Amino acid sequence: MAAYLIRRLIQAALILLGVSFVTFLLLYVLPADPVRQIAGRSATAETVENIRQQLGLDKPFFVQYARYLGALLQGDMGRSYLQKTEVAELILSRLPATLLLMLGAIICELILGLTMGIVAALWRGRALDQTLMVTSFVTVSAPQFVVSLLLLYVFAVKLGWFPIGGYGTFAHLVLPAVTLGILGSGWYSRMMRSSMIDVLRADYIRTARAKGLTRARIVLRHALPNAILPVIAMIGIDIGIFMGGIVVVESVFGWPGIGQLAWQAIQRVDIPIIMGVTLVSACAIVLGNLLADLIAPLIDPRIKLR
């Protein structure tokens with residue numbers, strides 16, 4: 001176990017290094033000039049050049065990147081160009097909202113996706129199965145802003161069941177979490193259906209049926225624990241996606257998370273914030289996958305870590 005963890009941590013460090021390099025390079029070659037955003041349109045060329053020198057943006061790419069890595073290794077993620085605040089403080093202030101939304105969204109995804117997948121597998125080839133799979137395809141293909149605005153219009157504007165936006169209560173969490181749950185449930189349902197069908201064909205399932213066990217016991221006790229293993233890996237990936245990739249949903253519902261922070265930084269070309277959010281999201285994906293790999297043997301002892 002110790003050797004496995006060390007090897008995975010080394011791999012994670014290399015992955016994060018690659019992510020930081022690619023992101024920094026893309027921001028370096030970006031046509032937009034962050035100095036112009038800071039100085040304003042009416043700033044003179046001399047003022048712009050002074051700001052560029054103060055921020056170190058007049059240096060070659062590798063010099064800038066080396067400085068950034070050096071500061072990052074010391075726990076310094078930089079300072080926002082426009083907000084004049086440490087990036088780490090900005091991210092930490094938005095982290096509770098993002099984690100709360102992530103938890104709610106994953107719960108909704110699992111409830112919807114696993115239920116649809118199990119039902120579709122048990123009634124494979126029938127009308128119910130086909131209907132659920134078409135529904136999952138629609139949910140996967142639907143744009144985030146369309147589903148967000150539709151739920152917002154129906155349940156907040158027309159019915160008035162939930163607030164239009166904001167953060168602070170359970171009612172504020174429901175619509176954005178359900179939106180993300182609907183959008184992600186299609187992946188889980190299709191994965192769960194395929195996995196469940198394979199498990200239901202296994203010899204030990206036929207043996208359980210021959211012993212006269214009820215269908216519910218066979219599905220819940222014997223089939224589900226084995227069929228759910230591929231879903232665990234998907235949850236690890238989702239953690240990273242929710243940490244930085246739910247920009248649209250957070251913007252529509254006014255949810256003050258990391259995604260909204262990233263969107264504001266992109267609009268203003270605030271490079272330190274963009275780098276910080278990207279690295280935090282990459283860390284979340286790496287740690288989520290590692291956690292999924294560590295949990296899998298606890299569910300199925302036949303799985304060994306190598």
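See the structure printed just above.
Not measured: the values here are computed from a predicted model. (Residues numbered from 1 in each chain as written. Predicted model: local features only at pLDDT ≥ 70, side-chain atom pairs only at ≥ 80, totals over all residues. Heavy atoms only, no water.)

Draft legend 1. Representation of the overall build of the protein. Along its length, the protein carries 14 helices and zero strands. Listed N to C, the secondary structure of the protein is α-α-α-α-α-α-α-α-α-α-α-α-α-α in terms of helices and strands. Partitioning the intrachain contacts of the protein with sequence separation of at least 6 by distance along the chain shows that 74% fall at a separation of at least 24. Counting only carbon and sulfur atoms, one obtains 67% of the accessible surface of the protein, whose full area is about 16500 Å². (Helix = DSSP H or I, 4+ residues; strand = E, 2+ residues; numbered from the N terminus. Contact = heavy atoms within 4.5 Å. Areas by Shrake-Rupley, 256 points an atom, 1.4 Å probe, with all protein chains shown as cover.)

Draft legend 2. Structural detail: the pattern of salt bridges. One pass over the full model with this rule turns up two salt bridges. One salt bridge connects Arg79 with Glu86, and the closest N-O pair in it is separated by 3.3 Å. On the basis of relative accessible area, Glu86 is assigned to the partly exposed category, the value being 28%. (Salt bridge = Lys/Arg side-chain N within 4 Å of Asp/Glu carboxyl O. Buried < 20%, exposed > 50% of the residue type's maximum accessible area, 1.4 Å probe, protein only.)

Draft legend 3. Summary view of the packing of helix α5 (residues 87-122) against helix α13 (residues 258-268). Across the interface, α5 lies against α13 with an axial gap of 8 Å and an inter-helix angle of 135°. Regarding the angle of α5 to α13, the classification is oblique. Contacts between α5 and α13 involve Leu90, Ile91, Arg94, Leu95 and Thr98 on the former and, on the latter, Ile258, Gln260, Leu261 and Gln264. Its residues assigned to classes, the contact of α5 with α13 shows five nonpolar, three polar and one charged. (Axes fitted to C-alpha atoms, helices over the stretch in contact; angles between N-to-C directions. Parallel < 35°, antiparallel > 145°, perpendicular 65-115°, else oblique. Nonpolar A, V, L, I, M, F, W, Y, C, P; charged D, E, K, R; others polar.)

Draft legend 4. Here's a closer look at the layout of surface pockets. Volume-wise, the largest pocket comes out at about 620 Å³. As for the largest pocket, its lining consists of 25 residues, of which Phe24, Leu55, Leu57, Gln64 and Tyr81 are closest to the centre. For the lining of the largest pocket, the secondary-structure elements that each account for two or more residues are α1 (2-28), α3 (45-55), α4 (61-73) and α14 (271-299). Ranked by residue count, the leading element in the lining of the largest pocket is α4, at four residues. In terms of residue class, the lining of the largest pocket is made up of 15 nonpolar, four polar and six charged. (1 Å grid on protein atoms, 1.4 Å probe; cavity = no way out; pocket = protein on both sides within 12 Å on 5 of 7 lines; lining within 4 Å. Points joined across faces, edges and corners; volume = space filled by probe spheres on them.)

Draft legend 5. Representation of a nonpolar patch on the surface within the structure. A surface patch of nonpolar side chains, about 660 Å² in accessible area, is lined by Phe21, Val22, Leu25, Leu26, Tyr28, Val29 and Phe62. Looking at the element boundaries, Leu25 is found in helix α1. (Patch = residues over 30% accessible without salt bridge, like charges linked within 9 Å, V, L, I, M, F, W, Y side chains within 5 Å.)

Draft legend 6. Here's a closer look at the environment of Tyr81. Positionally, Tyr81 belongs in the loop between α4 and α5. When neighbours within four sequence positions are excluded, Tyr81 is seen to be in contact with Pro34, Ile38, Leu55, Leu57, Val269, Asp270, Ile271 and Pro272.

Draft legend 7. Local environment of the side chain of Ser136. Structurally, Ser136 is set in helix α6 (residues 127-141). Overall, Ser136 belongs to the buried group, its relative accessible area being 0%. Side chain to side chain, Ser136 and Arg190 meet in a polar contact 3.4 Å long. Those residues in contact with Ser136 that lie beyond four places of it in its chain are Met116, Gly186, Ser189 and Arg190. (Polar contact = N/O pair within 3.5 Å; in protein donor to acceptor, adjacent residues only side chain to side chain.)

Draft legend 8. Quick look at the nonpolar core. With 25 residues, the main nonpolar core has Phe24, Ile91, Leu261, Ile273, Met275 and Val277 as its most contacted residues. Within the residue set of this core, elements represented by two or more residues are α1, α3, α4, α5, α13 and α14. In this structure Val277 touches Ile91, Ile258, Leu261 and Ala262, once residues within four positions along its chain are discounted. By size, the runner-up hydrophobic cluster in this structure holds 22 residues, among which are Ala97, Val147, Ala156 and Leu180. (Core = buried A, V, L, I, M, F, W, Y, C linked by side-chain atoms within 4.5 Å.)

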